[in-house]
Amino acid sequence: MMTWRTERDKSVVGRWSVRLRGMDGGEDGFITGLLRKSTASSWPYWPLRSKTGHHGELGCRGLTAQPPRRSQRSLCNGDVTPFMVFEKKKTEYHKSRNPELYRESCQPQGQMGNSKSHPGQEHSSRFLPTEQAEVNRLFDALSLEKLGSSASPRSFSLQALKGHVGDALPPEMVTRLFEGMRRVDGSGKAKGPSERVSQEQFTASMSHLLKGTAEEKSLVILNMISASGGPVKARDVHKFTEDLVGSVVHVLNYRRQLRGWSQKPPPGSPSRVQVLAAQLCSEMRLQGGGKLLGPQWLDRDCDRAVLEDWVFRAHHVATFLSLVIHQGFLLLRSSLELATLVPERQVDPQREFASILDVLSVIYINSHLPQERRLRWRLLFATELHGNSFAQLCGRIAHGGPCLVLLEDCDGHVFGGFASCSWEVKPQFQGDDRCFLLSISPSMAVYTCTGYNDHYMYLNQGQQTIPNGLGMGGQHGYFGLWIDVDFGKGHSKAKPTCTTYGSPQLSAQEDFQFQKMEVWAVGDAPKAEPVRKTRSILDIDPEARALLEASGRGRHSEGLREVPDEQ
């Protein structure tokens with residue numbers, strides 16, 4: 001337990017209140033306090049007042065209140081905010097309850113009896129001062145159009161929003177965002193229809209979408225889908241997801257942020273917008289436990305609880321909404337980590353080629369890589385540039401660092417795997433449990449290790465008694481992914497699934513043929529190991545030198561090389 005000073009003085013700058021709530025919705029406690037300036041640091045003091053008004057120590061079902069450290073980040077969204085931090089006392093707190101902190105209010109204190117709160121103040125507290133200033137500037141720009149009455153509160157219309165966004169976003173997505181904003185009020189509850197968006201609504205919506213919880217994001221999404229704010233059909237959610245994914249490609253292309261990748265898949269390939277949207281919707285758990293895996297589920301109802309669970313599971317939904325706002329509205333772009341979302345494509349400018357990947361498939365794969373491997377992809381091998389040669393493949397990928405192996409079979413299926421370690425040509429299995437297999441077309445999926453065995457990676461050449469080729473998962477003769485030394489042939493065997501990765505058959509046919517293959521090294525290039533200098537036998541053995549000289553032969557390297565030191 002810790003105690004804070006509670007004297008009233010001129011250092012008081014605001015008030016906060018926090019509700020502590022369990023997973024089952026029960027309220028574990030409610031505390032309020034005053035925000036104070038600190039003369040020693042930028043953090044305020046944290047005086048506490050219990051619900052009954054008593055000051056001093058606070059204990060709440062085994063939870064103790066601790067002041068935030070200077071480097072501590074908010075539990076909401078990763079931005080530094082004056083938030084209380086709670087730590088569990090393991091001996092007193094039951095494991096089945098997972099506490100969450102919710103910010104109730106943070107209102108500045110003015111003079112007694114004259115306190116006025118700014119529109120959206122309770123939500124603006126989530127933004128840093130510089131961020132809130134940028135949000136306010138955008139609202140000011142949107143609300144410049146003149147209204148009939150000078151006494152009317154400032155607001156903006158759909159036409160004003162479309163005029164600001166221009167061609168950066170598809171019109172249907174701009175309309176969805178406007179509908180989501182105009183149906184939300186500052187308290188985060190659904191609101192009746194309005195023709196305009198007020199500053200309070202705008203601030204609350206930006207707070208929800210950019211820094212809110214899954215619950216808050218699901219409220220705005222529901223309003224973007226439904227005019228009534230009630231349950232919607234699964235087909236409506238699917239259409240919203242396609243619009244969202246399409247808007248991501250649109251705005252990245254418009255802002256020239258594709259980072260070298262193609263906007264569209266190769267000709268003849270299915271729309272990756274529809275493929276990725278189907279993958280995101282497959283993460284949804286419908287009422288009754290079913291998944292949205294086929295047309296038969298499209299007429300099922302999805303209420304706010306289903307959407308909230310979906311936003312929590314499918315993290316791409318929240319990420320894509322943030323990207324659309326950052327890049328479409330040109331708002332808080334500095335907080336968008338675009339480099340980790342879309343990796344830089346590194347290919348020799350003199351040897352450009354049409355990849356089997358597009359920007360959406362790259363974004364999907366990249367999100368499953370280790371964090372330190374997401375910034376750039378370097379091309380190691382491509383059949384279009386380096387030919388159909390297994391020897392070329394081995395020579396270009398060996399000791400090249402972690403990489404992605406991708407190929408397209410003759411039936412149009414695109415699939416591959418992630419090798420977490422450098423490939424080595426040897427007759428043993430290699431790699432670790434960070435490896436995975438993946439599918440891009442006709443469906444997107446990632447298959448991680450099951451723990452059944454350690455047959456993660458295999459690369460061999462020139463052996464007589466064991467298979468020669470590249471494999472991932474399974475066993476000899478029955479790999480989850482196999483590329484034979486007879487280049488252009490392979491197999492993907494899984495009945496019912498690959499033992500190592502739990503993947504189904506990735507190719508259209510169990511034994512397949514392919515003409516396109518690519519290998520991309522991910523992350524920074526591995527550091528070249530220094531060449532170890534070895535000592536010649538003539539440096540070590542004087543008798544060997546004497547024997548050489550007695551035979552009438554000289555040492556041609558004499559004076560041209562330094563004798564290495566003894567190790």
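A quick note: this is a predicted structure, and the numbers were derived from the prediction, not measured.

A.B. asks: Where do I start with the overall build of the protein in this structure?
C.D. replies: In terms of helices and strands, the protein carries 16 helices and 23 strands. Within the span of the protein, comprising 567 residues, buried residues form 49% of the whole. At a minimum sequence separation of 6, the contacts of the protein that also span at least 24 residues come to 63%. Within the structure as shown, the protein displays about 28500 Å² of accessible surface, and the carbon and sulfur contribution to it stands at 48%.

A.B. asks: How should the state of the cysteines be read in this particular structure?
C.D. replies: Any covalent bond linking the sulfur atoms of two cysteines counts as a disulfide. Per the counting criterion, the structure on display carries 0 disulfides. Cysteine Cys 435 is unpaired, with the sulfur of Cys 421 as its nearest cysteine sulfur at 5.9 Å. Of the residues examined, Cys 435 reaches a relative accessible area of 1% and is grouped as buried. With no disulfide of its own, Cys 449 lies closest to Cys 435 among cysteine sulfurs, the gap being 6.2 Å. In this structure Cys 449 comes out as partly exposed when scored by relative accessible area, which is 22%.

A.B. asks: How should the packing of helix 8 (residues 272-281) against helix 12 (residues 359-366) be read in this particular structure?
C.D. replies: Any two packed helices are characterised by the angle at which their axes cross and by the distance between the axes. Two elements in contact, helix 8 and helix 12, have axes separated by 9 Å at closest approach and are oriented at 30 degrees. With respect to helix 12, the axis of helix 8 lies roughly parallel. Taken together, the residues of helix 12 that come into contact with helix 8 (itself represented by Arg 272, Val 273, Leu 276 and Gln 279) are Leu 360, Ser 361 and Tyr 364. Residues of the contact of helix 8 with helix 12, tallied by class, amount to 4 nonpolar, 2 polar and 1 charged.

A.B. asks: I keep staring at helix 6 (residues 214-225) and nothing clicks. Help me out?
C.D. replies: Count 3.6 residues to each turn of an α-helix, and residues three or four apart come out pointing the same way. For helix 6, built from 12 residues, the straight-helix expectation of 16 Å at 1.5 Å per residue is met to within 8% by its first-to-last C-alpha distance of 16 Å. Among the 12 residues that make up helix 6, 10 are buried, leaving the element largely enclosed by the rest of the structure. Taken residue by residue, helix 6 has Glu 216, Lys 217, Ser 218, Leu 219, Val 220, Ile 221, Leu 222, Asn 223, Met 224 and Ile 225 as its buried positions. Buried residues belonging to helix 6 abut helix 4 (171-182), helix 5 (199-211), strand 10 (232-233), helix 7 (234-254), helix 9 (304-313) and helix 10 (315-328).

A.B. asks: What is the right way to look at the nonpolar core in this model?
C.D. replies: Soluble globular proteins tend to bury their nonpolar side chains together. Core analysis: the biggest nonpolar cluster contains 93 residues, and Phe 156, Phe 202, Phe 329 and Trp 377 have the highest contact counts within it. Among the elements that take part in this core, helix 7 stands out by supplying 9 residues, more than any other.

A.B. asks: Explanation requested: the environment of Gly 212 in the structure shown.
C.D. replies: Within the secondary structure, Gly 212 sits in the loop between helix 5 and helix 6. A relative accessible area of 7% means that Gly 212 is categorised as buried. C-alpha of Gly 212 to C-alpha of Arg 126: the two residues are 86 residues apart in sequence and 8.8 Å apart in space.

A.B. asks: Just checking my understanding: could you explain the pattern of salt bridges for this structure?
C.D. replies: When the charged atoms of two side chains with opposite charge come close together, those side chains can pair. According to the stated counting rule, one finds 17 salt bridges in the structure shown. Between Arg 126 and Glu 216 there is a salt bridge whose closest N-O contact spans 2.8 Å. Here Arg 126, found in the loop between helix 1 (121-124) and helix 2 (129-142), pairs with Glu 216, found in helix 6; they are 90 residues apart in sequence, far enough to count as distant. Of the residues examined, Glu 216 reaches a relative accessible area of 16% and is grouped as buried. Arg 176 is the salt-bridge partner of Asp 243, the closest N and O atoms lying 3.0 Å from each other. Highlighted residues: Asp 243 in helix 7 and Arg 176 in helix 4, separated in sequence by 67 residues. Each member of the pair, Asp 243 as well as Arg 176, is classed as buried. When salt bridges with common partners are traced through the structure, they connect Arg 176, Lys 239 and Asp 243 into a single cluster.

A.B. asks: Can you help me understand helix 14 (residues 390-397) in this one?
C.D. replies: Residues of helix 14 that are buried: Phe 390, Leu 393, Cys 394 and Ile 397. The arc that holds the buried residues of helix 14, viewed along the axis, is 95 degrees, so those residues lie on one side. For helix 14, the secondary structure elements touched by its buried residues are strand 13 (376-382), strand 19 (457-460), strand 20 (469-475), strand 21 (478-484) and strand 23 (511-522). For helix 14, the capping residue at the N-terminal end is Ser 389, with a side-chain oxygen 3.4 Å from the backbone nitrogen of Ala 391.

A.B. asks: In this structure, what is going on with the pairing of strand 19? I would like to understand it.
C.D. replies: Side-chain direction in a regular strand flips from residue to residue, so the side chains alternate between the two faces of the sheet. On strand 19, burial covers both faces: Met 457 and Leu 459 on one face and Tyr 458 and Asn 460 on the other are all buried. Two strands pair when backbone bridges link them, and strand 16 (residues 426-430) and strand 19 are joined in this way by 2 bridges, in the antiparallel orientation. Residue pairing for strand 19: Gln 430 is matched across the bridge by Met 457. Sheet topology note: the strand 19/strand 20 ladder contains 3 bridges and is antiparallel. Considered in strand 20, the bridge of Tyr 458 is made with Gly 471.

A.B. asks: Could you clarify how one ought to interpret the confidence of the model for the protein in this entry?
C.D. replies: Regions with low pLDDT should not have their predicted coordinates read in detail. Confidence in the prediction for the protein averages 78 pLDDT; 68% of positions are at 70 or higher. Confidence drops under pLDDT 50 across residues 19-30; counting only partners more than four residues distant or on other chains, this segment forms 40 contacts.

A.B. asks: When you look at the packing of aromatic side chains in this model, what are you seeing that I'm missing?
C.D. replies: Given two aromatic rings, their pairing is described by the distance between the two centres and the angle made by the two planes. As enumerated under the stated definition, the model contains 18 aromatic pairs in all. A ring pair is formed by Phe 139 and Phe 202, whose centres lie 6.0 Å apart and whose planes are at 35 degrees; its orientation type is tilted. Note that Phe 139 is positioned in helix 2 and Phe 202 in helix 5, a separation of 63 residues in sequence. Between Trp 261 and Trp 520 the ring centres are 5.1 Å apart and the planes differ by 55 degrees, which places this aromatic pair in the tilted class. Residue Trp 261 is found in the loop between helix 7 and helix 8, and its partner Trp 520 is found in strand 23; the two are separated by 259 residues along the sequence. Each of the two residues, Trp 261 as well as Trp 520, counts as buried.

A.B. asks: I'm lost on the side chain of His 386 in this one. Help?
C.D. replies: For His 386, the position within the fold is in helix 13 (residues 383-386). Within the local environment of His 386, its side chain forms a polar contact with the side chain of Arg 396, the two groups lying 3.4 Å apart. With residues near it in sequence (within four places) discarded, His 386 still touches Arg 351, Leu 380, Phe 381, Gln 392 and Arg 396.

A.B. asks: Help me understand the environment of Glu 337 in this model?
C.D. replies: Within the secondary structure, Glu 337 is located in the loop between helix 10 and helix 11 (338-341). For Glu 337, a relative accessible area of 56% translates into the label exposed.

A.B. asks: Got a minute to help me understand the packing of helix 5 against helix 10 in this structure?
C.D. replies: Close contact between helix 5 and helix 10 brings their axes to 8 Å; oriented N to C, the two are set at 130 degrees. Taken together, helix 5 and helix 10 sit at an angle that is classed as oblique. Contacts between helix 5 and helix 10 involve Met 206, Leu 209 and Leu 210 on the former and, on the latter, Leu 321, Ser 322, Ile 325 and His 326. In terms of residue class, the contact of helix 5 with helix 10 is made up of 5 nonpolar, 2 polar and no charged.

How each quantity is defined
- The residue count restarts for each chain, going from 1 along the sequence in the order it is written.
- For this predicted model, a pLDDT threshold of at least 70 governs which residues receive local features, and a threshold of 80 or more governs which side-chain atom pairs are given and counted, while totals over whole chains, interfaces and linings are taken from all residues.
- No hydrogens and no water enter the side-chain calculation; it runs on all heavy atoms of the structure.
- Only DSSP runs of H or I reaching four residues or more are called helices, and only runs of E reaching two or more are called strands; each is numbered from the N terminus.
- Relative accessible area decides the class of each residue, using a 1.4 Å probe on protein chains only: under 20% of the type maximum gives buried, over 50% gives exposed, and in between gives partly exposed.
- Here a residue-residue contact requires only that any non-hydrogen atoms of the pair lie within 4.5 Å.
- For every accessible area listed, the method is Shrake-Rupley and the probe measures 1.4 Å; residues are considered covered only by the protein chains on display.
- Criterion for a disulfide: a pair of cysteine sulfur atoms within 2.5 Å.
- To get an axis, fit a line to the C-alpha atoms, keeping to the stretch in contact for a helix; angles then go from 0 to 180 degrees between the N-to-C directions.
- Angle categories: roughly parallel below 35 degrees, roughly antiparallel above 145, roughly perpendicular from 65 to 115, and oblique for all the rest.
- Residue classes follow a fixed rule: Ala, Val, Leu, Ile, Met, Phe, Trp, Tyr, Cys and Pro count as nonpolar, while Asp, Glu, Lys and Arg count as charged, and any other residue, Gly among them, counts as polar.
- An expected span of 1.5 Å times one less than the residue number is assigned to each helix.
- Side-chain atoms within 4.5 Å link the members of a nonpolar core, which is a set of buried Ala, Val, Leu, Ile, Met, Phe, Trp, Tyr and Cys residues.
- When a carboxyl oxygen of Asp or Glu lies within 4 Å of a side-chain nitrogen of Lys or Arg, that pair is called a salt bridge.
- For this quantity, the arc is that covered by the directions from the helix axis to the C-beta atoms.
- Pairing of N or O atoms within 3.5 Å defines a polar contact, subject to two protein rules: one partner must be a possible hydrogen donor and the other a possible acceptor, and residues neighboring in sequence count only if both atoms are side-chain atoms.
- Two strands are counted as paired when DSSP detects at least two bridges linking them.
- Confidence scores here are pLDDT values: one per residue, from the predictor, ranging 0 to 100.
- Note on ring pairs: Phe, Tyr and Trp rings are taken, using the six-membered ring of Trp, and paired if centres are within 6.5 Å. Classes follow the plane angle, with under 30 degrees stacked, over 60 edge-to-face and the rest tilted.

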